[in-house]
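What follows is the residue order along each chain.
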Amino acid sequence: MAPPRDLAARYQHHLSATRARLDHLLGAMLPSPRIDLRPSPLDDGFRSHARFSVEVRDGRCSVSGTDPVQGTADWRSTVWILPRTGQQLVETIVAHVEATCGRFPARGLDLCLGQGTERAHLVVAVDRGERQSFRSWAEALLEHDERLTGVSVPSQSLVVGEPLVRHRVCGVELRSHPLAFFQTNRHLADPLFAAVRSAADSEPADRVLDLYCGAGVHGLLARAGSTLTGVDADARVVDVARLNATRLGRTARYVRADVASFLAGAVPSSPDLVIANPPRAGCGGAVTTSLGALQPSRVCLVCCSADAHARDLAELGEAGYRVERSTAFDMFPFSPYVECVSELQRR
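The rules behind the values
- Residues numbered from 1 in each chain as written.
- Predicted model: local features only at pLDDT ≥ 70, side-chain atom pairs only at ≥ 80, totals over all residues.
- Heavy atoms only, no water.
- Helix = DSSP H or I, 4+ residues; strand = E, 2+ residues; numbered from the N terminus.
- Rg over C-alpha atoms; globule rule 2.2 N^0.38 Å.
- Buried < 20%, exposed > 50% of the residue type's maximum accessible area, 1.4 Å probe, protein only.
- Axes fitted to C-alpha atoms, helices over the stretch in contact; angles between N-to-C directions.
- Left-handed = near helix turned anticlockwise from the far one by under 90°.
- Contact = heavy atoms within 4.5 Å.
- Pairing = 2+ DSSP bridges.
- Core = buried A, V, L, I, M, F, W, Y, C linked by side-chain atoms within 4.5 Å.
- Salt bridge = Lys/Arg side-chain N within 4 Å of Asp/Glu carboxyl O.
- Disulfide = S-S within 2.5 Å.
- Phe/Tyr/Trp six-rings, centres within 6.5 Å; stacked < 30°, edge-to-face > 60°.
- Lys NZ or Arg CZ within 6 Å of the ring centre and 35° of its normal.
- Expected span 1.5 Å × (residues − 1).
- Arc of directions from axis to C-beta.
- Polar contact = N/O pair within 3.5 Å; in protein donor to acceptor, adjacent residues only side chain to side chain.

Asker: Give a description of the overall build of the protein chain that names residues and reports values.
Answerer: From N to C terminus, the protein chain includes nine helices and 17 strands. For the protein chain, whose C-alpha radius of gyration is 21 Å, the value lies close to the compact-globule estimate of 20 Å for 347 residues. Here the C-alpha coordinates of the protein chain stretch approximately 65 × 45 × 35 Å along the principal axes. Evaluated residue by residue, the protein chain yields a buried proportion of 55% over its 347 residues.

Here it is, written out as structure tokens:
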């Protein structure tokens, strides 16, 4: 379960290449010619999520995992990406899978560890045609370790135990949906969320619009905003955002809608602050054009694709915004994706 021996050298090479690419893509748009890149510690695992595939041949079960350095391999050589808690849970889960594969043929496993907690949720891939219910399988697994709080089997519309993943980020308890994205770097999630909160709270803002809001984390962590509106196309995360707002005692309105369509409609009032955290494709021209027309005083733009981020910054620049500061977080070590947070002010 140890990481590759040359991990540190590989990571330094990755960081150098990432920094050069960021400077090339973003340098001309930033107040400083070099972007602030925050590296990820790799000790004791850096991921809070791991995926495994299960294959049964001739009555024997084999489980393989994936890590960003070695690719696909036996699960034992890939779990170094997880903290010790995650490694222990994987051992328990794999033993359960191997002991029961004849009756309960799982095809895949997604382990979701809560940020800042010792709790986890397991998503199990099962063939849609499988007639054997996995309820008793999941109940037996949950009895093995109290740190595993829930099991989902989407193809059977089955949830045993807690349906959501527990997190504690920036001192705040939140929930996320196990089938929706949540930041997976256990070392950098808090610094990333804190950076967005700092950007959001740098000036007073009564009306906050949280686009691509997911579980509502960025908008809810921000202290600004007596009026908070979140928008996301995924009904699952909109429901979780509403739950998080209720748990935190925040008054917020969450809308299930495509962001471009929402902005093209009648937005109730021009916001003081827009937080936008689009997927890897970025906001795109329709959204940046609408933001330019909406004319919020400030925009906090967050994206895990530097290429898409650079394109969106350029389009917002043409719409009358300048970049005040920008920080990058290496949330996905050894991958081409890096999380960028930029604060923009209307000229």
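We are not done yet, so read on.
Asker: So what's going on with the packing of helix H2 (residues 84-100) against helix H3 (residues 135-144)? Which residues, and what values?
Answerer: Here H2 crosses H3 at 145 degrees, and the two axes come no closer than 10 Å. The chirality of how H2 crosses H3 is right-handed. Seen from H2, the contacting residues are Thr 92, Ile 93, His 96, Val 97 and Thr 100; seen from H3, they are Trp 137, Ala 140, Leu 141 and His 144.

Asker: An account of the pairing of strand S5 (residues 108-113) is requested, with residue identities and associated values reported.
Answerer: Of all six residues making up S5, six are buried, and the element is well covered by its neighbours. The side-chain alternation of S5 yields two buried faces, one formed by Gly 108, Asp 110 and Cys 112 and the other by Leu 109, Leu 111 and Leu 113. Relative to S5, strand S2 (residues 49-57) is paired through five bridges, and the arrangement is antiparallel. When the bridges of S5 are listed, Phe 52 appears paired with Leu 109. Two strands pair when backbone bridges link them, and S5 and strand S6 (residues 120-125) are joined in this way by six bridges, in the antiparallel orientation. Within S6, the residue paired with Gly 108 across the bridge is Ala 125. Counting the residues between successive antiparallel strands, the hairpin from S5 to S6 contains six residues, one of them, Gly 116, with a positive phi of roughly 75 degrees.

Asker: Outline the nonpolar core, supporting the account with residue identities and numerical values.
Answerer: Counting residues in each nonpolar core, the largest one holds 75 residues, and the members touching the most others are Leu 111, Leu 122, Trp 137, Leu 211 and Leu 263. For Trp 137, the residues in contact, after removing those within four places along its chain, are His 96, Val 97, Thr 100, Phe 104, Leu 122, Val 124 and Val 151. If you look at the next biggest cluster of nonpolar residues, it comprises 25 residues, including Ala 200, Leu 220, Cys 300 and Cys 304.

Asker: Break down the pattern of salt bridges for me, citing the residues and quoting the values.
Answerer: Summed over the entire model, instances satisfying the criterion amount to 22 salt bridges. We note a salt bridge from Glu 343 to Arg 325, for which the minimum N-O separation is 2.5 Å. Of this pair, Glu 343 sits in strand S17 (residues 339-346) while Arg 325 sits in strand S16 (residues 321-329), and the two are 18 residues apart along the sequence. Classification of Glu 343 by relative accessible area gives buried; the value is 4%. By relative accessible area, Arg 325 is classed as partly exposed at 47%. Linked through salt bridges whose partners overlap, the residues forming this network are Glu 203, Arg 298, Arg 325 and Glu 343.

Asker: An account of the state of the cysteines is requested, with residue identities and associated values reported.
Answerer: By the definition in use, this model includes zero disulfides. No disulfide involves Cys 61; its sulfur sits 4.5 Å from the nearest other cysteine sulfur, which is in Cys 101. Judged by relative accessible area, which is 18%, Cys 61 ranks as buried.

Asker: Which residues make up the packing of aromatic side chains, and what values go with them?
Answerer: If you walk through the whole model with that rule in mind, you get five aromatic pairs. Geometrically, the ring pair formed by Phe 182 and Phe 193 is tilted, given 5.9 Å between the ring centres and 55 degrees between the ring planes. Of the two residues, Phe 182 is situated in the loop between strand S10 (172-176) and helix H4 (189-200) and Phe 193 in helix H4; the sequence distance between them amounts to eleven residues. Residue class for Phe 193 comes out buried when judged on its relative accessible area of 3%. Cluster of aromatic residues (ring-pair linked, three or more members): Phe 104, Phe 134 and Trp 137. We note Arg 280 situated over the ring of Phe 332; from NZ or CZ to the ring centre the distance is 5.9 Å.

Asker: Please provide a residue-by-residue account of the sheet that holds S17, values included.
Answerer: If you walk across this open sheet you meet the eight strands as S1-S16-S17-S15-S14-S11-S12-S13, and the pairing is mixed. Because the sheet does not close on itself, it has two edges, and the strands there are strand S1 (36-38) and strand S13 (252-256). Taken pair by pair, the neighbouring strands of this sheet meet at an average axis angle of 15 degrees, ignoring direction. Strand direction decides the pairing type here: strand S11 (residues 207-211) and strand S14 (residues 273-276), joined by four bridges, are parallel. The partner of Asp 210 across the bridge, within S14, is Ile 275.

Asker: Any details on helix H6 (residues 235-248)? Residues and values, ideally.
Answerer: Across its 14 residues, H6 extends 20 Å between first and last C-alpha, which sits within 8% of the 20 Å expected from 1.5 Å per residue. Residues Val 237, Val 238, Val 240, Ala 241, Asn 244 and Ala 245 constitute the buried set of H6. The arc that holds every buried residue of H6, seen down its axis, measures 160 degrees, which confines them to one face. Those residues of H6 that are buried are in contact with S10, helix H5 (217-221), strand S12 (227-232) and S13. At the N-terminal boundary of H6, the capping side chain belongs to Asp 234, with an oxygen 2.9 Å from the backbone nitrogen of Arg 236. Backbone geometry just downstream of H6 places Gly 249 in the positive-phi region, at approximately 70 degrees.

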